[in-house]
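Inside the fold
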Amino acid sequence: MTTILRVTATPCSVPLHTPFVTALRRTETTDTVVVTITDSDGRTGWGEAPQVWQVTGESLAGATACIETMLGPAVTGRRIDDRDDLRATAAVVQRAVARNFGAKAAVDAALHDLVAQAEGTSVAAVLAGRPDGIRDVLTTDVTLSAGAPDALADTALARVTDGFRTLKMKVGTDASTDVQRVASVRDAVGPDVAIRLDANQGWTREDAVQVIRALEVADLGVEFVEQPVVADDVEGLAWVRERVDLPIMADESCYGPFDLERIIRLGAADLVNVKLAKCGSLSVGRDMLRRAHEVGLRTIVGSMMESHVGVGAAAALVAAEPTTEVSDLDAAWWSVSSPVLGGIRYEGNQIEVPRTGGLGICGYADNS
Ligand SMILES: [Mg+2]
């Protein structure tokens, strides 16, 4: 019988090679909590709870406290022999506290990692419930930080040189210049590179319609516009969507399955962005993708600014349940180095996802 011996939460600060700037924040580090779960056979499962004050409201201190005082004790001593044990223990995690989705996602990923390692397979295979048809290479976009038009054009060209074919632009910082900045990037990269926009709640409903209409008139080849209005204004998303032609994506308005149903009911979006730090669980994320696909919504899987551990779990989700669009999983690419050994690997715009050994992480890296 295999049981859970120990859960640890270790705050980490990983330097970025380029500052990350959105309508909501600017950061030069990824600040995150790396979680490990050790079982009685000596295996270690890994997970990550990123600090995202401006989006989820979760912090290093909050996630650490949640894991050390609530989630850790709730799972310690439980059996983790097989997938039934995994389902039961993952459900305990979801019920243990309200919200705290990043902390729950971290523990949930580590549990999946343990079971996948014990079975000698990948987290994606465990999640998909089948050994075959699991992808081991994903394509990701890359974000351009918010900035002035000239600087953005330079950065866009650099990213194309780095191998990326889909650029995600942060807009919503200044409605009067948003179109100009997108035009500047389109001019720089030419017609063959995809451009998607994320306003991160930065516009009013009226600004959103005005800017999106202007983007349409300028014919800048935008794939979709993500989260034009504040998270709670799902009716506003629908209001904007009714008045524009470009596809609208819900991100901060879509945490879990109930948000997804509300979006479906209101016709509030064409696409949804599923993230583990919002929905708190790999299986919930998988079920949200399935539900979205069932009703004809397009999907991406994204992440917060997190390291190779959390992005690895999100990549496993996409590998198990392919999305309709190119993933938004560049977060760990921004890190100067990974806090762990093994796990996912970036190669241009491709992410290689380990096929065996769970998330494929074999220990902390010595970056000191
Ligand atoms: Mg977003």
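Notes on the structure follow.

Another point: the pairing of strand 8 (residues 222-226). Of all the five residues making up strand 8, four are buried; the element is thus mostly covered by neighbouring parts of the structure. With three bridges connecting them, strand 7 (residues 194-198) and strand 8 associate as parallel partners. Bridged to L197 within strand 8 is V225. Handedness of the crossover joining strand 7 and strand 8 through helix 7 (residues 205-218) is recorded here as right-handed. Pairing of strand 8 with strand 9 (residues 248-250), which is carried by two bridges, proceeds in the parallel orientation. Opposite E226, over in strand 9, you have M249 as the bridge partner.

The next point concerns the coordination of the magnesium ion. The coordination sphere of the magnesium ion, as far as protein atoms go, consists of D198 (OD), E226 (OE) and D251 (OD), spread over 2.2 Å. Of note, the magnesium ion draws all its donor residues from one chain, in the sequence arrangement D-x27-E-x24-D. Of this pair, E226 sits in strand 8 while D251 sits in the loop between strand 9 and helix 9 (257-266), and the two are 25 residues apart along the sequence. For the pair E226 and D251, one class covers both residues: buried.

This paragraph deals with empty space enclosed by the protein. Tallied over the full model, the rule gives three cavities of 30 Å³ or more. Considered as a void within the structure, the largest cavity measures approximately 280 Å³ in volume. Along the wall of the largest cavity there are 21 residues; nearest its centre are F20, K170, K275, S303 and M304. Residues belonging to the lining of the largest cavity are distributed by class as follows: eight nonpolar, four polar and nine charged. Of the residues that make up the lining of the largest cavity, three or more belong to each of domain 1 (4-121) and domain 2 (137-364). Roughly 70 Å³ of volume is contained in the second largest cavity. Taken together, E48, A105, A106, A109, L276, A277, G302, S303, E306, G310, A313 and A314 make up the lining of the second largest cavity. Of all the elements in the fold, those that place two or more residues in the lining of the second largest cavity are helix 3 (101-119), helix 10 (276-279) and helix 12 (308-320). Both domains that meet at the lining of the second largest cavity, namely domain 1 (4-121) and domain 2 (137-364), each give it at least three residues.

Further remarks concern the sheet that holds strand 5 (residues 142-144). The strand order across the open sheet built from seven strands is 5-6-7-8-9-10-11, with neighbouring strands paired in parallel fashion. Lying at the two open borders of the sheet, with one neighbouring strand each, are strand 5 and strand 11 (298-301). For this sheet, the mean inter-axis angle between neighbouring strands, taken without regard to orientation, is 30 degrees. Pairing between strand 9 and strand 10 (residues 271-274): two bridges, direction parallel. Of the residues in strand 10, the one forming a bridge with M249 is L271.

Rules of the game
- Residues numbered from 1 in each chain as written.
- Predicted model: local features only at pLDDT ≥ 70, side-chain atom pairs only at ≥ 80, totals over all residues.
- Heavy atoms only, no water.
- Buried < 20%, exposed > 50% of the residue type's maximum accessible area, 1.4 Å probe, protein only.
- Helix = DSSP H or I, 4+ residues; strand = E, 2+ residues; numbered from the N terminus.
- Pairing = 2+ DSSP bridges.
- Right-handed = clockwise from strand over helix to strand, strands pointing away.
- Donors = N, O, S within 2.8 Å, 3.2 Å for Na, K, Ca; no water.
- 1 Å grid on protein atoms, 1.4 Å probe; cavity = no way out; pocket = protein on both sides within 12 Å on 5 of 7 lines; lining within 4 Å.
- Points joined across faces, edges and corners; volume = space filled by probe spheres on them.
- Nonpolar A, V, L, I, M, F, W, Y, C, P; charged D, E, K, R; others polar.
- Domains from an automatic or database assignment.
- Axes fitted to C-alpha atoms, helices over the stretch in contact; angles between N-to-C directions.

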